[in-house]
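Structural overview for review
Residues per chain, in single letters:
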Amino acid sequence: MTDTESPDGPGRDFAYQATAPRPGLLMEIWQFLRHNKKWWLTPIILVLLLIGALILLGGTAAAPFIYPLF
C-alpha cells in the first residue's frame, strides 16, 4: 500500500486523502503532463526555465561567459 492509498482502496476515503502529504510542485507538474497528455508543454517549460536561468546568471560572475552566446 502506498502513502496515498487508504485501507479501503485507492481514493475511497476522502478524509485519508485530505490528510495525506501533498506532492511538490515538480511532481504536480509531472502528474499533470502525464495524466492530461500535454506533452507539447514540455519544450515550452524547458525553454522558460533556460531563459530564467540565463537571466539569473547574467548578474553574476558567470556573465562574461554567457554574453558570447548572444
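Because the structure is a prediction, the values reported are computed rather than measured.

Attention shifts here to the overall build of the chain. Each helix and strand in the chain was counted, giving 4 helices and 2 strands. Listing each helix as α and each strand as β along the chain from the N terminus yields β-β-α-α-α-α. Looking at the chain residue by residue over its 70 residues, the buried ones come to 9%. Summing over all exposed atoms, the chain offers an accessible surface of approximately 6200 Å²; the carbon and sulfur share of this is 70%.

Any empty space left between the atoms is revealed when a probe the size of a water molecule rolls over them. Of the pockets and cavities examined, the largest pocket occupies roughly 160 Å³. Contributing to the lining of the largest pocket are Leu26, Ile29, Trp30, Leu33, Thr42, Ile45, Leu46 and Leu49. If you list the elements that add at least two residues to the lining of the largest pocket, you get α2 (25-36) and α3 (41-57). Counted by class, the lining of the largest pocket contains 7 nonpolar, 1 polar and no charged residues.

What follows deals with the pattern of salt bridges. This model, assessed by the stated rule, comprises 1 salt bridge. With its nearest N and O atoms 4.0 Å apart, the salt bridge here joins Glu28 to Arg22. Look at Arg22 and you get exposed, because its relative accessible area is 73%.

Turning to the confidence of the model for the chain, a few remarks are in order. Averaged over all residues, the pLDDT of the chain is 80; the fraction at 70 or higher stands at 83%. Ranking the helices and strands of the chain by mean pLDDT puts α3 first, with 89, and strand β1 (residues 5-6) last, with 52.

Parameters and conventions
Residues numbered from 1 in each chain as written. Predicted model: local features only at pLDDT ≥ 70, side-chain atom pairs only at ≥ 80, totals over all residues. Heavy atoms only, no water. Helix = DSSP H or I, 4+ residues; strand = E, 2+ residues; numbered from the N terminus. Buried < 20%, exposed > 50% of the residue type's maximum accessible area, 1.4 Å probe, protein only. Areas by Shrake-Rupley, 256 points an atom, 1.4 Å probe, with all protein chains shown as cover. 1 Å grid on protein atoms, 1.4 Å probe; cavity = no way out; pocket = protein on both sides within 12 Å on 5 of 7 lines; lining within 4 Å. Points joined across faces, edges and corners; volume = space filled by probe spheres on them. Nonpolar A, V, L, I, M, F, W, Y, C, P; charged D, E, K, R; others polar. Salt bridge = Lys/Arg side-chain N within 4 Å of Asp/Glu carboxyl O. pLDDT = per-residue confidence, 0-100.

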